[in-house]
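So you can see what is in the structure, the chains are spelled out below.
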Amino acid sequence: MRGFIMTCMTALLAGCQTAPDIDIEQQVDALYQKMPQEERIAQLKSMYMEELFNEQGQLDTVKCRELIPFGIGHFSQYAFQKPRDPNVVRDMVAAVQDWLMHHTPNGIPALFHEEVLSGINTQGATIYPQQIGQACSFDPELAELKTRQTSTQMRKMGGILSLSPMVDVVRNPSFNRLEESYGEDGYLSAVMGTAFVRGLQQGDLRKGVGACSKHYLGYGGGGDADEKELMEEILLPHETMIRVAGSKAVMPGYHAMKSASVTCVADSSILKNILRDYLGFDGMVVSDYTAIDQLPANLSTMEKAALAINGGNDVDFPFGANYQYLQEAIDSGLVKSETLERAVKDVLRYKFRAGLFDKNPYLYSTEKIVLDTPEERKTAYDIAVESVVLLQNDSNLLPLNTLAPQKILVTGPNANSMWAMCGDYSFPAMTFFWKKVEQDLDHPHVITLLEGMQNHKPDNVNILYSRGCDWTEEIETKFSHVGDKRSWEYPLLHRKVDSGETANKEEALAMADSADVIIAAMGENVMVCGENRDRQGLRLPGKQQEYVEALLATGKPVILVLFGGRAQVIGDLAERCAAVIQAWYPGEEGGHAVADILYGKVSPSAKLSVSYPSEELYKPICYNYPNSQSTIQWPFGYGLSYTTFEYKHLLMDQSARVSEDYIEVSFEVKNTGKMAATEIAQVYLSPTANNQPLRPLQLQGFARVDLQPGQTKRVEMKLYTDQFGYYTNDGQRQWNVQPGTYVVKVGASSADIRLEQDITLKGEKVTKPLRDHYFSEVEVTD
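Residues numbered from 1 in each chain as written. Predicted model: local features only at pLDDT ≥ 70, side-chain atom pairs only at ≥ 80, totals over all residues. Heavy atoms only, no water.

**Student:** Could you clarify how one ought to interpret the confidence of the model for the chain in this entry?
**Tutor:** Interpretation of the predicted coordinates at a detailed level should be avoided for regions scoring low in pLDDT. Predicted confidence across the chain gives a mean pLDDT of 95, with 97% of residues reaching 70 or more. Taken as a whole, residues 1–16 scores under 50 in pLDDT and shows 60 contacts with residues more than four places along the chain or in a different chain. (pLDDT = per-residue confidence, 0-100. Contact = heavy atoms within 4.5 Å.)

Following this line, the structure appears as structure tokens:
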């Protein structure tokens, strides 16, 4: 039996200090008083570790005395800068930490940070599926396991802080960083983001790696939303990461909020009023890379530094370019001493919490570090299998009939390429884009679709391969001044991926004529999707659609497998292809995962975490937005299986008191087909009256139900009354739960509701500053 059980549902009381917190505050105060001003300011700056080492890889103490005589607060992307063995990275960290602890005024260790969105951003580390795909698994338990594995390895390497996860609620299908998100729904994003933090931090910052909630607030969409949507939905993942999972770092976005005069890195309305005063956040705010430098151009570097720290930002990433002028800003009266004190203490408090001042701090491991263990590869495979969405299978061609001899053509630009598997912020993608390195990036080895089909094929299957077409014939990446300023270089963006293979269309079509089935692997790659990378349109890049049309013209059944970071508009290709699969960027084991689904070794179970558009859109859409349905080809929560499921026997009280903590909901799911499979049952809430200020449909719970053929299981849920509530601000921000009748709906997707029942909440309206409960609790029983 496997049940999805959300634990720790009660939020931490904002502003409530425990005895250890109080003890830390006393230590922070005492240390701050001892520090010279130069050491204080140094805690707010970062740098790259490479600057302190000579060409032989040895720590250069002359450089240390020159560059960091008063120490340094942080080191940026410490494991990414060059391809290195993890033990070498660890030894470099150890050398730097030793120097800092013995040769600076108060011996303060630094926070080494790295990206961990789909695993550690370093050579050889496991490459897990990209976030958008993992969201389609609706599996927070596996999400937590992934980040627990990641943090265990990264802490061994000396990493203490991450700049992940990205929990923007993304509703614009064209957003080039959609792949980093958990999709369009605030609730799902909050569940998955909170699980990410739990695994990464391991319940103790002294042994886990700290999470960083980004991009606060609404960078991926919603920054211009009205206050109600902003506070109920866009804020929700950040709020739960902070209040439920104890995340202690936040990164503001590059954008400006609605009606704001400055970007988020200097916006006190969100960094002070909402984050600290309302949510009770007592952690550290760090700038996105070069974000402070992007403040109004008419300001001097010193004035930009003052604007950011006064607005509530603590740390200047990636190398303290602006905060090096903080003393000048203080001397000029632009920054008050108490503002500097707040920022420095936020950093020191984080370091105390991470155990950096303990008698025996865990700064790194002395054991031999081995990355990408069999256990980690298995987790990468398990997530990939759960991330792949079967969108269409009208002819029931899938799973492939492997009982009879089959000749299968595998073709397309993503058929034999690691770039079909690796999303942005993986080490290969980051190295290709930022370092312009195009060779020797297959570390760890990434299983391509072709390799997966060959490795796992039954004996009577013959695999043919010809690339057939390239991703694009021309450079499609658009150049624009958005996001990280370091990428505003035309040569960095004006290039395309070289596959290293010839794309011979005639050869491929000749093979297609002799094949029984064609698998067309199409979609995006690292240069047409990702941070600062965009392209014209959302249809298949280059001449890919033209190539699929030619394959269809052979009369052979075509299975279209889409890889990439966004939903790609395919129009009527869906109806003409025998089957359509959305594989996203499924990580290092993606080739095996997709192959096993095609061969029927496992049934697909993933459900869409976004509304899949039927036309090219450059505006927000969402399953619960009015007038969105006409532009959606496949709805949120949708995904096919190789079997069928029946929903029945919904049980729930017809009424409850508003003041009660929760109501109990239960229902049964039966596998009515012939194959073992998993169904993701979804629970939604709807209002019944116009005076109930709720979305017409809102996800409020889900469960992964593993079922053998003919088996029935019962889903039991605690649906908290806080989940019936809404936000208001009549001079005071508060959460409200009002009496009335609501509809609880159970479905296979947002557009496929199988069961529903009214429930009436009775009693007086309940108001509170913040929710006590965010997530339903679910258990699956036999």
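From this point, the discussion proceeds with the structure in view.
**Student:** Just to check I follow, could you spell out the packing of aromatic side chains for this structure?
**Tutor:** Aromatic ring pairs are reported here in terms of the distance separating the ring centres and the angle at which the planes meet. For the structure shown, the criterion picks out 21 aromatic pairs. Here the aromatic rings of Tyr219 and Tyr254 are separated by 5.9 Å at their centres, their planes lie at 65°, and the arrangement is edge-to-face. Of the two residues, Tyr219 sits in the loop between strand E5 (213–216) and helix H8 (227–234) while Tyr254 sits in the loop between strand E6 (249–252) and helix H10 (268–278), which places them 35 residues apart along the sequence. Like Tyr219, the residue Tyr254 is buried in the burial classification. Ring plane angle 85° and centroid distance 5.1 Å describe the contact between Phe433 and Trp434, whose orientation is recorded as edge-to-face. Overall, Phe433 belongs to the buried group, its relative accessible area being 0%. (Phe/Tyr/Trp six-rings, centres within 6.5 Å; stacked < 30°, edge-to-face > 60°. Helix = DSSP H or I, 4+ residues; strand = E, 2+ residues; numbered from the N terminus. Buried < 20%, exposed > 50% of the residue type's maximum accessible area, 1.4 Å probe, protein only.)

**Student:** For this particular structure, what's the right way to read the nonpolar core?
**Tutor:** Soluble globular proteins: nonpolar side chains tend toward being buried together. Trp419, Leu449, Met453 and Leu598 are the most contacted members of the largest nonpolar core, which totals 139 residues. In terms of residues, this core owes the most to one element, helix H13 (residues 337–353), which gives 7 residues. With near-sequence residues (within four places) excluded, Leu598 lies in contact with Leu398, Pro399, Leu400, Leu449, Met453, Ile519, Ile559, Ile581 and Tyr642. Within the second largest apolar cluster, 56 residues are counted, among which are Met47, Phe138, Ala190 and Ala211. (Core = buried A, V, L, I, M, F, W, Y, C linked by side-chain atoms within 4.5 Å.)

**Student:** I would appreciate a short explanation of the sheet that holds strand E21 (residues 677–687) in the present structure.
**Tutor:** Paired through backbone hydrogen bonds, the strands of a sheet run either parallel or antiparallel to each other. Pairing in this open sheet of 5 strands is mixed, and the strands run E19-E27-E26-E21-E22 from one edge to the other. With partners counted over all chains shown, the strands left at the sheet margins are strand E19 (655–657) and strand E22 (698–707), one partner each. If you compare each strand with its neighbour and ignore which way they point, the axes differ by 30° on average. (Pairing = 2+ DSSP bridges. Axes fitted to C-alpha atoms, helices over the stretch in contact; angles between N-to-C directions.)

**Student:** It is not clear to me how the sheet that holds strand E7 (residues 284–285) should be interpreted in this structure. Could you clarify?
**Tutor:** Pairing is parallel in the open sheet, where 3 strands are placed in the order E5-E6-E7. One side of each edge strand has no neighbouring strand; the edge strands of this open sheet are E5 and E7. Bridge count between E5 and E6: 3 bridges; the pairing is parallel. Looking at the pairing, Tyr216 lines up with Pro252 of E6. On the sheet, helix H9 (residues 236–243) packs against E5 and E6 and is oriented at approximately 145° with respect to E5. With respect to the sheet, H10 is in contact with E5, E6 and E7, its orientation differing from that of E5 by roughly 135°.

**Student:** What is the right way to look at H10 in this model?
**Tutor:** Three or more residues of H10 are buried, namely Ile270, Leu271, Ile274, Leu275, Arg276 and Tyr278. At the C-terminal side of H10, Gly280 shows a positive phi close to 75°.

**Student:** How do you make sense of the pairing of strand E23 (residues 712–720) when you look at a structure like this?
**Tutor:** As a general feature of sheets, a regular strand has side chains that alternate between the two faces. Two elements, strand E20 (residues 662–671) and E23, share 9 bridges in a ladder whose sense is antiparallel. Looking at E23, one finds that Phe667 is bridged to Val715.

**Student:** How do you make sense of the side chain of Arg377 when you look at a structure like this?
**Tutor:** As for its placement among the helices and strands, Arg377 is situated in helix H14 (residues 374–387). When its relative accessible area of 18% is taken as the criterion, Arg377 is described as buried. With near-sequence residues (within four places) excluded, Arg377 lies in contact with Asp372, Pro444, His445, Ile447, Glu588 and Glu589.

**Student:** What exactly am I supposed to notice about the environment of Ala211 here?
**Tutor:** With respect to the element layout, Ala211 can be found in the loop between helix H7 (186–201) and E5. Along the primary structure Ala211 and Gly246 are separated by 35 residues, whereas in three dimensions their C-alpha atoms are 9.0 Å apart. In contact with Ala211, other than residues within four places in its own chain, are Leu161, Ser162, Ser164, Pro165, Val197, Leu200, Gln201, Ser247, Lys248, Ala249 and Tyr350.

**Student:** Explanation requested: unusual backbone geometry in the structure shown.
**Tutor:** Most peptide bonds take the trans configuration, and most residues that are not glycine carry a negative phi. Between Lys214 and His215 the backbone carries a cis peptide bond, its omega angle lying at 0°. The topology assignment puts His215 in strand E5. In this structure, Leu217 follows Tyr216 across a cis peptide bond, with omega equal to 5°. In the Ramachandran plot, Asp372 falls in the positive-phi region, its phi being about 55° despite a non-glycine side chain. Looking at the secondary structure, you find Asp372 in the loop between H13 and H14. One non-glycine residue, Lys436, lies in the positive phi region at around 60°. Along the chain, the position of Lys436 falls in the loop between helix H15 (427–435) and helix H16 (449–455).

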